[in-house]
Amino acid sequence: MTQIQCEIAAKAEMIIQRVVLNSRPGKNGVPVAENFRLEQSTIADTVQAGQVRVKTLYLSVDPYMRCRMNEDTGSDYLQPWQLSEVADGGGIGVVEESKHQNLAKGDFVTSFTWPWQTAAILDGDSLQKLVPQLVNGRLSYFLGAAGITGLTALLGIREKGHVAAGANQTMVVSGAAGACGSLAGQIGRLEGCSRVVGIAGTDEKCSILVQEMGFDAAINYKKGDVAKQLRELCPGGVDVYFDNVGGDISDAVISQMNQNSHIILCGQISQYNKDVPYPPPLPADIEKIQKERNITRERFLVLNYMDKQEASVLQLCQWIQEGKLKVRETVVEGLANIGAAFQSMMSGGNIGKQIVSVSNN
């Protein structure tokens, strides 16, 4: 190859950084930052018809991704990440070059399958155009409160919670300081619950839930007897349980649920590092309570309700603009730190949504 040909070839590619799955933690293992690897790669410097070149601005790190680290996700709607292949998930970027009829340079766009890399060439039809004004310019909210996380909280409550204004219902939220839980408690209140109690893992988180997010009370499950505190804080029992964690905490809540009450089965983060079916079976004594009291406990998958996405996102954005829905984010700077962000999120160290702000290199 001549020098001129080499120069032409070099110009035809753009150097990027990307994060790939470096190793699997094992079905029962705890994820660590070293399960991911930052590497240099290239993308084409030109786009084809229907494509756009985007610069990545924000990436979402979520508990469900733990399942994608296994060879078998245990789910028919989640594909496993492949070793030494780029990881993906919710992301937001800006269009830098477009050959798609509905997208122009400067447009902000999002996708559920955004590659973990600094720039990418994507099919324009796979992207959704964003309107920053809907979230007061806070673009990252479209990955959380005004995105799939907010939709999970809102539609979970509406479709599985059976909340009715004026019915004097008590809601309990586990994992209440997390991305989904912190929204669910507030939405439960907005939808009509008269009392909302959160369960979290530190005094700081409990304080934020009560002082910033309008929960009536919060329980630090690492201090004292959770069942006893629930009895004190929910004297009329529990009518709606937004379950983000599973395990012993959920067993304690279910024991105090009322007749014909409802469990919104959002996640089971305490079980994600264990090789068990989803949703995990309940202990025999708790299952007996569930059946005797006719407590609904159905798997909830927000993707089954995408026909309600547009109206629901507009509702979430309205609450954000009105200051009725408070949003907390834990933002980590730099693509190189996404593995550490994942490890921190899975260990429960964050408050609110975990976001990675991708650098411009």
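Residues numbered from 1 in each chain as written. Predicted model: local features only at pLDDT ≥ 70, side-chain atom pairs only at ≥ 80, totals over all residues. Heavy atoms only, no water.

- As annotated in an unreviewed UniProt entry, the chain carries the name Prostaglandin reductase 2 and comes from Lamprotornis superbus.
- Per UniProt, the comment on the chain under Sequence similarities (unreviewed entry) is "Belongs to the NADP-dependent oxidoreductase L4BD family." (UniProt positions renumbered as here; feature names shortened; annotations may be inferred.)

Comments concerning the domain arrangement of the chain
Phase 1: When cut into domains, the chain gives domain 1 (13–133 + 328–357) and domain 2 (148–303).
Phase 2: Domain 1 puts 21 residues into the contact, and the matching count from domain 2 is 19 residues.
Phase 3: Buried area between domain 1 and domain 2, summed over both chains or domains, comes out near 1600 Å², and the portion from carbon and sulfur atoms is 58%.
Phase 4: The largest per-residue losses of area from domain 1 upon contact with domain 2 belong to Tyr77, Arg328 and Ile351, which jointly make up 33% of the total buried on that side.
Phase 5: Viewed at the interface, domain 2 and domain 1 are joined by one salt bridge.
Phase 6: At the junction of domain 1 with domain 2, the criterion picks out five residue pairs in polar contact (both at pLDDT 80 or more).
Phase 7: Among the residues forming the side of domain 1 that touches domain 2, the class breakdown is nine nonpolar, seven polar and five charged. (Domains from an automatic or database assignment. Contact = heavy atoms within 4.5 Å. Buried area = accessible area lost by both parts, 1.4 Å probe. Salt bridge = Lys/Arg side-chain N within 4 Å of Asp/Glu carboxyl O. Polar contact = N/O pair within 3.5 Å; in protein donor to acceptor, adjacent residues only side chain to side chain. Nonpolar A, V, L, I, M, F, W, Y, C, P; charged D, E, K, R; others polar.)

Things to note about empty space enclosed by the protein
Phase 1: On inspection of all chains with the given rule, the structure shows one cavity of 30 Å³ or more.
Phase 2: Roughly 70 Å³ of internal volume is contained in the largest cavity.
Phase 3: Contributing to the lining of the largest cavity are 13 residues, with Ala145, Leu183, Val327, Arg328 and Lys353 lying nearest its centre.
Phase 4: With three residues, the top contributor of residues to the lining of the largest cavity is helix H4 (residues 179–191). (1 Å grid on protein atoms, 1.4 Å probe; cavity = no way out; pocket = protein on both sides within 12 Å on 5 of 7 lines; lining within 4 Å. Points joined across faces, edges and corners; volume = space filled by probe spheres on them. Helix = DSSP H or I, 4+ residues; strand = E, 2+ residues; numbered from the N terminus.)

Digging into the side chain of Thr152
Phase 1: If you trace the backbone, Thr152 turns up in helix H3 (residues 148–161).
Phase 2: Within polar-contact distance, the side chain of Thr152 engages the backbone oxygen of Ile148 at 2.7 Å.
Phase 3: Apart from residues no more than four positions distant in its own chain, Thr152 is found in contact with Cys180, Phe242, Cys266, Phe300 and Val302.

Describing the side chain of Ser250
Phase 1: In this structure, Ser250 sits in helix H7 (residues 247–254).
Phase 2: A distance of 3.2 Å separates a polar side-chain atom of Ser250 from the backbone nitrogen of Gly246.
Phase 3: For Ser250, the contacting residues outside a window of four places in its chain are Tyr241, Asp243 and Val245.

Examining the sheet that holds strand S12 (residues 257–265)
Phase 1: Strand order in the open sheet formed by six strands is S10-S9-S8-S11-S12-S13, with parallel pairing between adjacent strands. This sheet does not close on itself; its edge strands, each paired only once, are strand S10 (217–220) and strand S13 (296–299). When the angles between neighbouring strand axes are averaged without regard to direction, this sheet yields 20°.
Phase 2: Across the sheet, H4 lies against strand S8 (170–174), strand S9 (195–200) and strand S11 (238–243), angled at about 175° from S8, the strand it touches most. (Pairing = 2+ DSSP bridges. Axes fitted to C-alpha atoms, helices over the stretch in contact; angles between N-to-C directions.)

Let's talk about the pattern of salt bridges
Phase 1: Under the criterion given, the structure shown has 17 salt bridges.
Phase 2: With a closest N to O distance of 3.5 Å, Arg138 and Glu329 form a salt bridge. Here Arg138 is found in the loop between strand S7 (128–129) and H3, whereas its partner Glu329 is found in strand S14 (residues 329–333), with 191 residues between them in sequence.
Phase 3: Judged by its relative accessible area of 41%, Arg138 falls in the partly exposed class.
Phase 4: Between Glu298 and Lys160 there is a salt bridge, with the nearest N and O atoms lying 2.7 Å from each other. In this pair, Glu298 is assigned in strand S13 and Lys160 in helix H3, connecting sequence segments 138 residues apart.
Phase 5: Glu298 sits in the partly exposed class, given a relative accessible area of 41%.
Phase 6: Residue Lys160 is classed as buried on the basis of its relative accessible area of 15%.
Phase 7: Taken together, the shared-partner salt bridges connect Arg18, Arg37 and Glu39 into one network. (Buried < 20%, exposed > 50% of the residue type's maximum accessible area, 1.4 Å probe, protein only.)

Focus on helix H10 (residues 338–346)
Phase 1: Here H10 has its buried residues at Ile338, Gly339, Ala341, Phe342, Met345 and Met346. On an axial view of H10, the arc spanned by its buried residues comes to 160°, and they lie on one face.
Phase 2: On its buried face, H10 is in contact with strand S1 (13–21), strand S2 (36–44), strand S3 (51–61), helix H2 (65–68), S14 and strand S15 (353–357).
Phase 3: At the C-terminal side of H10, Gly348 shows a positive phi close to 80°. (Arc of directions from axis to C-beta.)

Things to note about the packing of H3 against helix H9 (residues 309–321)
Phase 1: In contact at an axis separation of 10 Å, H3 and H9 are set at 105° when each is read in the N-to-C sense. By the criterion of interaxial angle, the relationship of H3 to H9 is roughly perpendicular. When H3 is examined against H9, the residues Gly150, Leu151, Leu154, Leu155 and Arg158 are found in contact with a partner set consisting of Gln309, Ser312, Val313, Gln315, Leu316 and Trp319.
Phase 2: Taken together, the residues of the contact of H3 with H9 break down into six nonpolar, four polar and one charged. (Parallel < 35°, antiparallel > 145°, perpendicular 65-115°, else oblique.)

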